[in-house]
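# Structure at a glance
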Amino acid sequence: MADGRTPWQVFRDERYIGNSRVDPCSKILKRNLCFRWLEQNCDPGKTIVYLGLDWTEMHRYERAKPYWSPWNIRAPLCEEPYFTKPDMLAWLKQTGIRPPRLYGMGFPHNNCGGFCVKAGQAQFKLLLKTMPDRYAYHEQQEELLRRYLNKNVAILRRTAGGRTVPLTLRQLREETEKSSRPLLPEAEEWGGCGCFVDV
Ligand code: SF4
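Residues numbered from 1 in each chain as written. Predicted model: local features only at pLDDT ≥ 70, side-chain atom pairs only at ≥ 80, totals over all residues. Heavy atoms only, no water.

Per an unreviewed UniProt entry, the protein carries the name Phosphoadenosine phosphosulphate reductase domain-containing protein and comes from Paenibacillus chartarius.

What follows is the structure, encoded as structure tokens:
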């Protein structure tokens, strides 16, 4: 089951650029599709939906329960024995499963190819460093959409003069290229991985 659109196509259709608070990409391309598939193929009384949340995200697991109702959810990684991330990666290795390529490149989350509207500045800087062509694609898409919407909007935000203002990928790249030091306190913000569960 696939919608067929990219996150940027969804943002254009919804006239809204996703960000750390609102994620039309995840809602439309993942959650709504998943709910539709469950409704068409499963019985809520006999079905368990497994989520990839671990014990460090117990709060999200609790918040996810009412969100997923009437589907019963479980998150085995929130249960004993409590595995750390290195434990999980070692276990994967033992079973012959290669960890996602992004982890090896230093990304904390295995999301949309190193890009994510929920990511912070640090992740976008890493994307710029490790996959500049991919960063350039997203920068271009953001610029096109800003022009199309005719609004000063962006995925990222920063504080300037006591106000929160948009920070475009273009600005972030230009400022990063000028200085190797973190430019702002938010520069080390990696962002979360709230995709799919919406909590
Ligand atoms: S990983 Fe990020 S960009 Fe991709 S669908 Fe989820 S929220 Fe959107």
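More follows now that the structure is in view.
## As for helix α2 (residues 24-41)
Between its first and last C-alpha, α2 extends 24 Å over 18 residues, near the 26 Å set by a 1.5 Å rise per residue. Along α2, the helix axis deviates most sharply at Arg31, where the bend reaches about 30°. Turning to α2, its buried residues number three or more, namely Pro24, Cys25, Ser26, Ile28, Leu29, Arg31, Leu33, Phe35 and Leu38. Those residues of α2 that are buried are in contact with α1 (7-14), β1 (48-50) and α3 (58-68). (Helix = DSSP H or I, 4+ residues; strand = E, 2+ residues; numbered from the N terminus. Expected span 1.5 Å × (residues − 1). Bend = angle between axes of the 7 residues up to and from the residue. Buried < 20%, exposed > 50% of the residue type's maximum accessible area, 1.4 Å probe, protein only. Contact = heavy atoms within 4.5 Å.)

## Describing the pattern of salt bridges
A complete count under the given rule lists twelve salt bridges for this structure. In this structure, Glu139 and Arg173 form a salt bridge, with 2.6 Å as the shortest nitrogen-oxygen distance. Of this pair, Glu139 sits in helix α7 (residues 132-149) while Arg173 sits in helix α8 (residues 169-178); the two residues are 34 residues apart in sequence, bridging distant segments of the chain. Of the two residues, Glu139 and Arg173, neither departs from the other in class, the shared state being buried. For Arg173, the salt bridge goes to Glu177, with nearest N and O atoms at 3.2 Å. (Salt bridge = Lys/Arg side-chain N within 4 Å of Asp/Glu carboxyl O.)

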